[in-house]
Amino acid sequence: SNTPAAGAFFPWRPDEGAFASIGRMPQVAHTYAYLDGHYGIMNEHQLAIGESTCGGALIARPVSEGGEALVDVQEMTRVALERCRTAVCAVAAMGAMAESLGYYGAEDTPDEAGEALTVVDPTCAWVFHVSADDTGRGAVWAARRVPPGHVTAVGGEGLSLCVRARSRSYDA
């Protein structure tokens, strides 16, 4: 037979060498289908996320480059769309992921360190902002609901939000 033996092209072993795990996330019993285009876009429940990279004063490096942060906006949006049916759930899930796993920006420069996301479902819309924290192992994030009947624009820069430190309220 002309078929090469398993592993003949690249002798990889799961969770070893270049394939070693750099972090873990708790798993859930069920996930939803979603459309991806470099970032998570929309899932089967019409939960959708729009992305706009923006600047940030704090910069973190990913574990793969010697830092301590495990998630970027690509992974946060994908996991939120896999696990959530609503914008409120997605905002809470992305904030929790960024805080607990560490967030790093698109590039390790001030111009690319943060993200502004629009997070919408059939009943409401939110603007979510995230940046690394000063430890490089967590995140600073804030979200605000767009009031019914209003619109917002996110144009590559963070929007000014008045937030209370340690607030866990997701009210408009």
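Per chain, the residues get numbers from 1 upward, laid out in the order the sequence is written. The model is predicted, so local features are restricted to residues of pLDDT at least 70 and side-chain atom pairs to those at 80 or more, both for listing and for counting; the totals for chains, interfaces and linings are taken over all residues. Only heavy atoms go into the side-chain values, all of them from the structure, while hydrogens and water stay out.

(A) Spatial organisation of the pairing of strand β6 (residues 139–146). Strand direction decides the pairing type here: strand β5 (residues 125–132) and β6, joined by eight bridges, are antiparallel. If you follow His 129 over to β6, its bridge partner there is Ala 142. Between any two strands, at least two bridges found by DSSP are needed for them to pair. Secondary structure follows DSSP: runs of H or I at least 4 residues long count as helices, runs of E at least 2 residues long count as strands, and numbering of each begins at the N terminus.

(B) A look at the nonpolar core. Ranked by internal contacts, the top residues of the largest apolar core, which has 26 residues, are Met 76, Met 94, Val 119, Phe 128 and Val 130. Of all the secondary-structure elements, those providing two or more residues to this core are α1 (73–83), α2 (87–101), β4 (114–120), β5 and β6. Ranked by residue count, the leading element in this core is α2, at seven residues. Take the buried Ala, Val, Leu, Ile, Met, Phe, Trp, Tyr and Cys residues and link them wherever side-chain atoms come within 4.5 Å; each set so joined is a nonpolar core. Remark: exposure states derive from per-residue accessible area (1.4 Å probe, protein chains only) relative to the maximum for the residue type, with buried under 20%, exposed over 50%, and partly exposed in between.

(C) Quick peek at the environment of Trp 141. Locating Trp 141 in the fold gives a position in strand β6. Between the alpha carbons of Trp 141 and Val 130 there is a distance of 4.3 Å; along the sequence they are eleven residues apart. Within 3.5 Å is the distance limit for a polar contact, defined as a pair of N or O atoms, with the added protein rule that one can donate a hydrogen and the other accept it, and that residues adjacent in sequence qualify only through two side-chain atoms. Here the side chain of Trp 141 touches Gly 95 through a polar contact of 3.4 Å, landing on its backbone oxygen. Side-chain polar atoms of Trp 141 contact the side chain of Glu 99, separated by 2.6 Å.

(D) Spotlight on the packing of α1 against α2. Where α1 contacts α2, the axes come no closer than 9 Å and their chain directions differ by 135 degrees. In terms of axis orientation, α1 runs oblique to α2. You can see that α1 and α2 cross each other, and the crossing is right-handed. Taking contact as the criterion, the partners of Met 76, Thr 77, Val 79, Ala 80 and Arg 83 in α1 are, on α2, Cys 89, Ala 90, Met 94, Met 97 and Ala 98. Axis lines are fitted to C-alpha atoms, over the contacting stretch for helices. Their N-to-C directions set the angle, which ranges from 0 to 180 degrees. Convention used here: angles under 35 degrees read as roughly parallel, angles over 145 as roughly antiparallel, angles from 65 to 115 as roughly perpendicular, and any remaining angle as oblique. Left-handed describes a crossing in which the near helix is turned anticlockwise from the far one by less than a right angle; the clockwise case is right-handed. Between two residues, a contact is recorded if the distance between any of their heavy atoms is within 4.5 Å.

(E) Local environment of α2. Here, expected helix span is obtained from the residue count minus one, scaled by 1.5 Å. Taking 1.5 Å as the rise per residue, α2 with 15 residues should run 21 Å; its terminal C-alpha atoms sit 21 Å apart, in good agreement. Residues of α2 that are buried: Ala 87, Ala 90, Val 91, Met 94, Gly 95, Met 97, Ala 98 and Leu 101. Down the axis of α2, the buried set is contained in an arc of 165 degrees. They therefore lie on one face. Where α2 is buried, its residues meet β3 (48–54), α1, β4, β5 and β6. Here the arc refers to the directions that run from the helix axis out to each C-beta atom.

(F) Looking closely at the side chain of Asp 121. By secondary structure assignment, the location of Asp 121 is in the loop between β4 and β5. When charges are counted, neither His nor the chain ends are considered; positive counts come from Lys and Arg and negative counts from Asp and Glu. Any carboxyl oxygen of Asp or Glu that lies within 4 Å of a side-chain nitrogen of Lys or Arg is treated as forming a salt bridge with it. Put simply, Asp 121 is tucked away with no salt bridge, and the nearest opposite charge, on Arg 145, sits 7.0 Å away. Reaching out from Asp 121, the side chain makes a polar contact with the backbone nitrogen of Ala 87 at a distance of 2.8 Å. At 2.7 Å, the side chain of Asp 121 forms a polar contact with the backbone nitrogen of Thr 123.

(G) Representation of unusual backbone geometry within the structure. Non-glycine residue His 38 carries a positive phi angle of around 80 degrees. You will see that Gln 46, though not glycine, has its phi angle at about 65 degrees, which is positive. As for its placement among the helices and strands, Gln 46 is situated in the loop between β2 (40–43) and β3.

(H) Region of the structure containing the pattern of salt bridges. Here the structure, examined in full by the defined rule, presents five salt bridges. Of the charged contacts in the structure, one is a salt bridge between Arg 78 and Asp 36, with a shortest N-O distance of 2.8 Å. Of this pair, Arg 78 sits in helix α1 while Asp 36 is found in strand β1 (residues 34–36), placing the two residues 42 residues apart along the sequence. On the accessibility criterion, Arg 78 (17% relative accessible area) is buried. The closest approach of N and O atoms between Glu 68 and Arg 137, which form a salt bridge, is 3.8 Å. Note that Glu 68 is positioned in the loop between β3 and α1 and Arg 137 in the loop between β5 and β6, a separation of 69 residues in sequence.

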